[in-house]
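# A look at the structure
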Amino acid sequence: MTRINLMLLGVLIACALALVTSQHNARKLFTELEKEQELAKQIDIEWGQLQLEQITWAMHARIERIAAQTLQMRVPPHERVRLVARGAVATGAR
């Protein structure tokens, strides 16, 4: 009888250690998951800020202002504007 009790005690201790180890691993993984979720939130915020910045930099009025001020570009007169159809072949330069 004593032998069975000692064997059961050993099994009980092994199960208890396995339970403690698995709980520790689960807590460690949960902490890591929370860190990664926080990082994902920060990346989403940065992505939104970058999209807003891209929209700001690509605004038509800003590009037109820079072209006029920095590059001294201007819109040509209406009579100098020519529309070219897709697939059209140039017949000669003016």
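Because the structure is a prediction, the values reported are computed rather than measured.

This part takes up the overall build of the protein chain. A count of helical and extended segments in the protein chain gives two helices and zero strands. Relative to a compact globule of 94 residues, whose C-alpha radius of gyration would be 12 Å, the protein chain shows 36 Å and is clearly more extended. Its C-alpha atoms give the protein chain principal-axis dimensions of roughly 110 × 35 × 15 Å. Within the protein chain, buried positions represent 2% of all 94 residues. Total accessible area on the protein chain is roughly 9600 Å²; 64% of this is exposed by carbon and sulfur atoms. Of the charged side chains in the protein chain, 12 are positive and 9 negative; the average position of the first set lies 8 Å away from that of the second.

Our focus in this paragraph is unusual backbone geometry. A positive phi angle, close to 50°, is found at Gln-72, a residue other than glycine. Its location among the elements puts Gln-72 in the segment after helix 2 (60–69). Given the relative accessible area of 63%, Gln-72 is considered exposed.

Take the environment of Trp-57 next. Within the fold, Trp-57 resides in helix 1 (residues 2–57). Distance in space between the C-alpha atoms of Trp-57 and Arg-74 is 20 Å, their sequence separation being 17 residues. Filtering out sequence-adjacent residues up to four positions away, Trp-57 remains in contact with Arg-62 and Ile-63.

What counts as what
- Counting from 1, residues in each chain are numbered in the order their sequence is written.
- For this predicted model, a pLDDT threshold of at least 70 governs which residues receive local features, and a threshold of 80 or more governs which side-chain atom pairs are given and counted, while totals over whole chains, interfaces and linings are taken from all residues.
- Note that water and hydrogens are dropped before the side-chain values are worked out from all heavy atoms of the structure.
- The secondary structure listing takes helices from DSSP runs of H or I that are at least 4 residues long and strands from runs of E that are at least 2 residues long, numbered from the N terminus.
- The globule rule is 2.2 Å times the number of residues to the power 0.38, and the radius of gyration it is compared with is taken over C-alpha atoms.
- In this scheme, a residue with accessible area under 20% of its type's maximum is buried, one over 50% is exposed, and one in between is partly exposed, where area comes from a 1.4 Å probe on protein chains only.
- We get accessible surface area from the Shrake-Rupley algorithm with a probe of 1.4 Å; when it comes to residues, only the shown protein chains can shield them.
- Positive charges are assigned to Lys and Arg, negative charges to Asp and Glu, while His and the chain termini are left out of the count.
- Think of each charge as sitting on NZ of Lys, CZ of Arg, CG of Asp or CD of Glu.
- Contact criterion: two residues are considered in contact whenever any of their non-hydrogen atoms come within 4.5 Å of each other.

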